[in-house]
Amino acid sequence: MADKLKLLEAEIPRLRRYARFLVRDIDQADDLVQECLTRAIPKIDSWTEGTNLRAWLFVILKNCHINEVRHNRRMAVDGDVDVEQETPAVAPSQDAHIALREVRDAFLTLSEEHREVLLLVAIEGLQYEEAAVVLDVALGTVRSRLSRARQALRDALGEGGWRRTGAQMSLARETRLG
């Protein structure tokens, strides 16, 4: 069991990243990961070695998030909780931040389904089959969403999949020369 717990511990940074994607708040994301681990650790023996631990944990994390959203909706109906929160915006101070902001803005224009499948496959490195398990959809649906998400992201970033501003071109030149 100690070996399984070490494997589980190694997945915490990925769990935190996925939780931040789901709730868009660092403190809430940490609470969500804690809830996920609280559920996963007692059930770690139900995970089969040789299968993908990350996908198993992501399913637990997503289910915790769904339960939390449902709970917050019920509380909002009762008038006890203010569900909407603002996130502060900080202007970038470097050229790389501008490029990153463009990608982030393009990413945020995608539908929730497209963002989620891109996060799981492109960022977290899950196989299509594993993403299908996490999302509880068919494999073909994952492939279709991923294809449409990639195309929408390319379209949002402009011709050729990337708009290069003067600042980005100068940054690229500096990178090649430096």
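Refer to the structure printed above.
Residues numbered from 1 in each chain as written. Predicted model: local features only at pLDDT ≥ 70, side-chain atom pairs only at ≥ 80, totals over all residues. Heavy atoms only, no water.

(A) Molecular detail of the pattern of salt bridges. A complete count under the given rule lists 11 salt bridges for this structure. In this structure, the salt-bridge partner of Arg 16 is Asp 30, at a minimum N-O distance of 2.8 Å. Remark: Asp 30 occurs in helix α3 (residues 26-40) and Arg 16 occurs in helix α2 (residues 12-23); sequence separation between them is 14 residues. With a closest N to O distance of 3.3 Å, Lys 62 and Glu 116 form a salt bridge. Here Lys 62 is found in helix α4 (residues 53-78), whereas its partner Glu 116 is found in helix α6 (residues 112-123), with 54 residues between them in sequence. On the basis of relative accessible area, Lys 62 is assigned to the buried category, the value being 15%. Glu 116 sits in the buried class, given a relative accessible area of 8%. Taken together, the shared-partner salt bridges connect Glu 11, Arg 14 and Arg 54 into one network. (Salt bridge = Lys/Arg side-chain N within 4 Å of Asp/Glu carboxyl O. Helix = DSSP H or I, 4+ residues; strand = E, 2+ residues; numbered from the N terminus. Buried < 20%, exposed > 50% of the residue type's maximum accessible area, 1.4 Å probe, protein only.)

(B) Representation of the packing of α6 against helix α7 (residues 128-135) in the model. Packing of α6 against α7 leaves a shortest axis separation of 9 Å and a crossing angle of 135°. The pairing of α6 with α7 is recorded here as oblique in orientation. You can see that α6 and α7 cross each other, and the crossing is right-handed. Residues Glu 116, Val 117, Leu 120 and Val 121 of α6 touch α7, and the partners they reach there are Tyr 128, Ala 131, Val 134 and Leu 135. Considered class by class, the residues forming the contact of α6 with α7 number seven nonpolar, no polar and one charged. (Axes fitted to C-alpha atoms, helices over the stretch in contact; angles between N-to-C directions. Parallel < 35°, antiparallel > 145°, perpendicular 65-115°, else oblique. Left-handed = near helix turned anticlockwise from the far one by under 90°. Contact = heavy atoms within 4.5 Å. Nonpolar A, V, L, I, M, F, W, Y, C, P; charged D, E, K, R; others polar.)

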